[in-house]
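This is what each chain is made of:
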Amino acid sequence: MAIVDTLRELTQRVESELKATDTSAALDALKVKVLGKKGELTALLKGMGQLAPEERPKVGAQINEVREHLTALMGDREAAIKKAEREAALKAETIDVTEPRKLPKVGAAHPITLVMDELIECFSGLGFEVMEGPEVELDHYNFELMNLPKNHPARDAQDTFYMDDNIVLRTHTSPMQARAMLTRKPPIRIICPGRVYRADELDATHSPVFHQMEGLVVDENMSMSDLRGTLEAFAKKLYGNDVSTRFRPSFFPFTEPSAEVDLTCTACHGKGCRICKDTGWVEVLGCGMVNPKVLEMCGIDSTKYSGFAFGIGLERIAMKRYGITDLRMLYEGDARLLGQIR
Ligand code: DAH
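Residues numbered from 1 in each chain as written. Predicted model: local features only at pLDDT ≥ 70, side-chain atom pairs only at ≥ 80, totals over all residues. Heavy atoms only, no water.

Caption draft 1: Seen up close, the packing of helix 5 (residues 111-125) against helix 8 (residues 224-239). Interaxial distance between helix 5 and helix 8 falls to 10 Å at its minimum, and their mutual angle equals 130°. Put simply, helix 5 runs oblique to helix 8. Here the hand of the crossing between helix 5 and helix 8 comes out right-handed. Counted together, Glu118, Leu119, Glu121, Cys122 and Phe123 of helix 5 and Thr230, Phe234, Lys237 and Leu238 of helix 8 form the full contact between these two elements. Residues of the contact of helix 5 with helix 8, tallied by class, amount to 5 nonpolar, 1 polar and 3 charged. (Axes fitted to C-alpha atoms, helices over the stretch in contact; angles between N-to-C directions. Helix = DSSP H or I, 4+ residues; strand = E, 2+ residues; numbered from the N terminus. Parallel < 35°, antiparallel > 145°, perpendicular 65-115°, else oblique. Left-handed = near helix turned anticlockwise from the far one by under 90°. Contact = heavy atoms within 4.5 Å. Nonpolar A, V, L, I, M, F, W, Y, C, P; charged D, E, K, R; others polar.)

Here's what the structure looks like:
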């Protein structure tokens, strides 16, 4: 084939190959194949030695013309490919500022905290003040001043963790009654929410750590009807007007008389169900008139003042409120449960 034809064929082939080339890498390969040291055009130049001397300048000029033409074409193609690649990269990196962002998972207050806050709000509305005290408590406050002297049988029900003979993890929030009476003057109207401890095994209804809210009122002429009225108001505020309270006689060394208070079961509205063990009632707190002996031990003149107290179990209320049937669920921190309660 005459060299002119070879050059034409080569030009056409490279032109069409260039059209199909759309990446820098493919273009570089094509450049090497055609214009490189071992490329096709170079091979043609090298082959010129076989031509008659008078033909050489003409053919050399033709080859150079083709080289310039193809070099220019490749340059244009390179610019186009670079531009397209830059645009593609920009597009891939584009941030859509209008796209709704993924919301971070936010935590929520724990059911016990929710209940505690609700009770605080309720009793604040009734004129009670919040007072907090130590979880590591002196035996003196936790037991002695609550009329539970050493060796009193009622201490058995409140076995706890002893730091030493005189320091315990408080078994109830009741020692706050003593702390309040010893530091304040009547009228006293306080609630004390907090964590309490007992040496109990963890099961569906017991935990070595749980929560209570103590209430104490000391004033002149306080009677059982003030206690009833207060707790009735609390129950209705918390559960609505359909709820009733039921007082059952009970025993606590620090109150006399003492009672346990049940509320209408909110699961069955008093008809009887599994939660209330078919009684229609759920026990939520212990209460009573402050034992005059306790008043006196805490420096309050029992001939002038009387008082009432109550201790509410917060886990009970939370379980009742959120339909939780196993106490342990409250302490497992399982987001599947906690995420449902806000
Ligand atoms: N402290 C008692 C307990 O933990 C609950 C209690 C009962 C508190 C009667 C009171 C009360 O203030 O009057 O079992």
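There's more to say after this.
Caption draft 2: Region of interest: the sheet that holds strand 8 (residues 281-290). Pairing in this open sheet of 7 strands is mixed, and the strands run 1-4-5-9-8-7-6 from one edge to the other. Of all strands in the sheet, those bounded by a partner on one side alone are strand 1 (129-130) and strand 6 (245-252). Direction of pairing for strand 7 (residues 255-264) relative to strand 8: antiparallel, over a ladder of 8 bridges. Each bridged residue has a counterpart across the sheet, and for leucine 263 the counterpart in strand 8 is valine 282. Helix-sheet contacts for helix 5 involve strand 1, strand 4 (188-197), strand 5 (209-219) and strand 9 (306-313), and the interaxial angle to strand 5 is about 5°. The sheet contacts of helix 8 involve strand 6, strand 7, strand 8 and strand 9, and relative to strand 6 the element is tilted by about 125°. (Pairing = 2+ DSSP bridges.)

Caption draft 3: Inspection of a nonpolar patch on the surface at higher detail. A cluster of nonpolar side chains, contributed by Val136, Phe161 and Met163, occupies part of the molecular surface with about 270 Å² of accessible area. Among the secondary structure elements, valine 136 is positioned in strand 2 (residues 136-138). (Patch = residues over 30% accessible without salt bridge, like charges linked within 9 Å, V, L, I, M, F, W, Y side chains within 5 Å. Areas by Shrake-Rupley, 256 points an atom, 1.4 Å probe, with all protein chains shown as cover. Salt bridge = Lys/Arg side-chain N within 4 Å of Asp/Glu carboxyl O.)

Caption draft 4: The packing of aromatic side chains, seen in detail. Tallied over the entire structure, the rule returns 5 aromatic pairs. With centroids separated by 5.2 Å and ring planes inclined at 20°, the aromatic side chains of phenylalanine 123 and phenylalanine 234 adopt a geometry described as stacked. In this pair, phenylalanine 123 sits in helix 5 while phenylalanine 234 sits in helix 8, placing the two residues 111 residues apart along the sequence. On the basis of relative accessible area, phenylalanine 234 is assigned to the buried category, the value being 1%. One aromatic cluster is present, formed by Phe123, Phe128, Phe234 and Phe310 through successive ring pairs. One residue, arginine 179, lies across the ring of tyrosine 141, its end atom 4.2 Å from the ring centre. Across from the ring centre of tyrosine 239, 4.9 Å away, lies the NZ or CZ of lysine 320, which sits over that ring. (Phe/Tyr/Trp six-rings, centres within 6.5 Å; stacked < 30°, edge-to-face > 60°. Buried < 20%, exposed > 50% of the residue type's maximum accessible area, 1.4 Å probe, protein only. Lys NZ or Arg CZ within 6 Å of the ring centre and 35° of its normal.)

Caption draft 5: Just the site of the ligand, in detail. Taken together, 15 residues lie around the ligand, and His172, Ser174, Arg198, Gln212 and Glu214 are the ones closest in. Note that an oxygen atom of the ligand is positioned 3.1 Å from one of the side-chain N or O atoms of glutamine 177. Backbone polar atom of phenylalanine 310 to an oxygen atom of the ligand: 3.3 Å apart, as the coordinates give it. Relative to its unbound accessible area of 360 Å², the ligand is 92% covered by the protein chains. Counting residues per element, the ones that place at least two in the shell around the ligand are strand 5, strand 8 and strand 9. (Near = heavy atom within 4 Å. Polar contact = N/O pair within 3.5 Å; in protein donor to acceptor, adjacent residues only side chain to side chain.)

Caption draft 6: Expanded view of the side chain of aspartate 326. Assignment of secondary structure puts aspartate 326 in the loop between helix 10 (314-322) and helix 11 (335-338). When its relative accessible area of 17% is taken as the criterion, aspartate 326 is described as buried. Reaching out from aspartate 326, the side chain makes a polar contact with the side chain of arginine 328 at a distance of 2.8 Å. Apart from residues lying up to four places away in sequence, aspartate 326 is in contact with Asp203, Ala204 and Met319.

Caption draft 7: Seen up close, helix 2 (residues 24-35). The end-to-end C-alpha distance of helix 2, which contains 12 residues, comes to 16 Å, matching closely the 16 Å that a straight helix rising 1.5 Å per residue would cover. Turning to helix 2, its buried residues are Leu27, Leu30, Val34 and Leu35. Buried residues of helix 2, viewed axially, fall in a sector of 95°; they line one side. With respect to the buried face of helix 2, the exposed residues turned more than 90 degrees away are Ala25 and Val32. The inward-facing, buried residues of helix 2 abut helix 1 (3-20), helix 3 (40-46) and helix 4 (56-93). (Expected span 1.5 Å × (residues − 1). Arc of directions from axis to C-beta.)

Caption draft 8: The arrangement of the nonpolar core in detail. Leu231, Phe234, Leu285, Cys287, Phe310 and Ile312 are the most contacted members of the largest nonpolar core, which totals 39 residues. For this core, the elements supplying multiple residues, two or more each, are helix 5, strand 5, helix 8, strand 7, strand 8, strand 9 and helix 10. When near neighbours in sequence (up to four residues on either side) are disregarded, isoleucine 312 contacts Leu119, Phe123, His211, Gln212, Met213, Phe234, Val284, Leu285 and Ile317. Judged by nonpolar contacts, the second largest core, of 23 residues, contains Leu216, Val290, Cys298 and Ala309. (Core = buried A, V, L, I, M, F, W, Y, C linked by side-chain atoms within 4.5 Å.)

Without other data, these values stay purely geometric and don't point to any function.
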